[in-house]
Amino acid sequence: TLSTEEFVMHSTTRNQSKGCKGRGKMFFWGGLAAMCAAISVAAMGCGRHRHHHGKNVSLEEVREHLGDMTDHVFDEVDASDEQRKAADPTIDALAKKFVELHAKKKGLHEQIADTLGEETVDPQKVEALRQEVMQITDEGSKGMANAILELGNILKAEQRRELLAKWKKHRH
């Protein structure tokens, strides 16, 4: 079951999806989606994947997890050692960003719970907190998208096409 704040975030995120126009944008977003899907599939299959509901996460844990996911994707396209090494700064920066955002989001979840537990729930306060959660979620999404673009640029065009083909095959 979802907590109230998770439900609000899930519902809002789902309702804010936007379409894209033009074949170039569709190809770009399709490729980005393929890389996201590949990383997500890797995350789901990772034996060390742990959920940290309400708990602190360490930079080392997040770095290890993102590294494992990236290795899995890079294994799919036989990435070279040089490509793997070139990915390290991106993974390090993303891990740092995720730990920072996780801490902020945890604090907001506590504020939301406190607000919902008050004698009278203030709708404006709940909305303000929801917007803060959405800003953090958006910041994380942008960080992930930028990291995927950086990692995608490390791969050769043929490797990206191979990932996209595997994603399409897996998806259908």
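Residue positions are counted from 1 within each chain, in the order its sequence is given. Confidence filtering applies because this is a predicted model: local features only for residues at pLDDT of at least 70, side-chain atom pairs given and counted only at 80 or more, and all residues used for totals across whole chains, interfaces and linings. Side-chain figures throughout are based on the complete set of non-hydrogen atoms in the structure, without hydrogens or water.

## Overview of the overall build of the protein
Moving on, step 1. Across its full length, the protein carries six helices and zero strands.
Moving on, step 2. Helix and strand definitions follow DSSP, with helices as H or I runs of at least four residues and strands as E runs of at least two, each counted in order from the N terminus. The helix and strand sequence of the protein, counted from the amino end, reads α-α-α-α-α-α.
Moving on, step 3. Counting across all 172 residues of the protein, residues that qualify as buried make up 31%.
Moving on, step 4. Contact between two residues is taken to exist if any of their heavy atoms lie within 4.5 Å; hydrogens are not considered. Summarising the internal contacts of the protein: among those between residues at least 6 apart in sequence, 77% fall at separations of at least 24.
Moving on, step 5. Note on areas: these come from Shrake-Rupley sampling with a 1.4 Å probe, and a residue is covered only by the protein chains present in the view. Carbon and sulfur atoms form 55% of the exposed surface of the protein, whose accessible area is close to 11,400 Å². Each residue is placed in one exposure class: buried if its accessible area under a 1.4 Å probe, protein chains only, is under 20% of its type's maximum, exposed if it is over 50%, and partly exposed if it falls in between.

## Describing the confidence of the model for the protein
Moving on, step 1. Each residue carries a pLDDT value, the predictor's own confidence for that position, ranging from 0 to 100. Predicted confidence across the protein gives a mean pLDDT of 77, with 67% of residues reaching 70 or more.
Moving on, step 2. Confidence drops under a pLDDT of 50 for residues 23-50, and excluding neighbours within four residues, the segment shows 39 contacts in the predicted structure.

## Overview of the packing of helix 4 (residues 81-116) against helix 5 (residues 123-154)
Moving on, step 1. The geometry of helix 4 relative to helix 5 is characterised by a closest axis approach of 10 Å and an angle of 170° between their N-to-C directions. Classified by the interaxial angle, the pair formed by helix 4 and helix 5 is roughly antiparallel.
Moving on, step 2. Of the residues contributing to the contact of helix 4 with helix 5, the split by class is 16 nonpolar, seven polar and eight charged. Between N-to-C directions, angles span 0 to 180 degrees; the directions come from axes that are lines fitted to C-alpha atoms, helices contributing only their stretch in contact. Any angle from 65 to 115 degrees is called roughly perpendicular, while one under 35 is roughly parallel, one over 145 is roughly antiparallel, and all others are oblique. Charged means Asp, Glu, Lys or Arg here, nonpolar means Ala, Val, Leu, Ile, Met, Phe, Trp, Tyr, Cys or Pro, and polar covers whatever is left, Gly included.

## With respect to the pattern of salt bridges
Moving on, step 1. The term salt bridge refers to a pairing of a side-chain nitrogen on Lys or Arg with a carboxyl oxygen on Asp or Glu at a separation within 4 Å. For the structure on display, the rule yields 12 salt bridges.
Moving on, step 2. Residues D92 and R63 are paired through a salt bridge, measuring 2.4 Å at the closest nitrogen-oxygen approach. Of the two residues, D92 sits in helix 4 while R63 sits in helix 3 (residues 59-76), which places them 29 residues apart along the sequence.
Moving on, step 3. The partly exposed category is assigned to D92, whose relative accessible area is 40%.

## Details of the side chain of R130
Moving on, step 1. Turning to its location among the elements, R130 is positioned in helix 5.
Moving on, step 2. By the criterion applied in these results, polar contacts are pairs of N or O atoms within 3.5 Å in which, for protein atoms, one can donate a hydrogen and the other can accept it, and in which residues neighboring in sequence qualify only through two side-chain atoms. A polar side-chain atom of R130 sits 2.6 Å from a polar atom in the side chain of E127.

## Focus: the nonpolar core
Moving on, step 1. Within this scheme, the nonpolar core is defined by two criteria: the residues are buried Ala, Val, Leu, Ile, Met, Phe, Trp, Tyr or Cys, and they are joined through side-chain atoms within 4.5 Å. Judged by nonpolar contacts, the single largest core of 18 residues is most densely connected at V62, L66, F74, A87 and L155.
Moving on, step 2. Taken together, the elements giving at least two residues each to this core come down to helix 3, helix 4 and helix 5.
Moving on, step 3. Judged by nonpolar contacts, the second largest core, of six residues, contains L101, L129, V133 and I136.

## Comments concerning the packing of helix 3 against helix 4
Moving on, step 1. The contact between helix 3 and helix 4 brings their axes to 9 Å, and the two run at 140°. Here helix 3 lies oblique to helix 4, going by the angle between them. Two packed elements cross with a definite hand, and for helix 3 against helix 4 that hand is right-handed. Together, L59, V62, R63, L66, G67, T70, D71, F74 and D75 of helix 3 and Q83, R84, A87, D88, I91, D92, L94, A95, K96, F98 and V99 of helix 4 make up the contact between the two elements.
Moving on, step 2. For the contact of helix 3 with helix 4, the residue count by class is 10 nonpolar, three polar and seven charged. Handedness of a crossing follows from how the near helix is turned relative to the far one, being left-handed for an anticlockwise turn of less than a right angle and right-handed for a clockwise one.

## Here's the deal with helix 5
It helps to recall that an α-helix has 3.6 residues per turn; residues three or four apart then point in one direction.
Moving on, step 1. One less than the residue count of a helix, multiplied by 1.5 Å, gives the span that helix is expected to have. End to end, helix 5 covers 46 Å across 32 residues, agreeing with the expected 46 Å (1.5 Å per residue, within 8%).
Moving on, step 2. Turning to helix 5, its buried residues are L129, R130, V133, M134, I136, G140, G143, A147, I148, L151, G152 and I154.
Moving on, step 3. Of the residues flanking the start of helix 5, the one acting as N-cap is D122, its side-chain oxygen 3.0 Å from the backbone nitrogen of Q124.

## Examining the environment of A147
Moving on, step 1. Tracing the sequence through the fold places A147 in helix 5.
Moving on, step 2. Residue A147 is classed as buried on the basis of its relative accessible area of 6%.
Moving on, step 3. Spatially, the C-alpha atoms of A147 and T90 are 6.1 Å apart, while their sequence positions differ by 57 residues.

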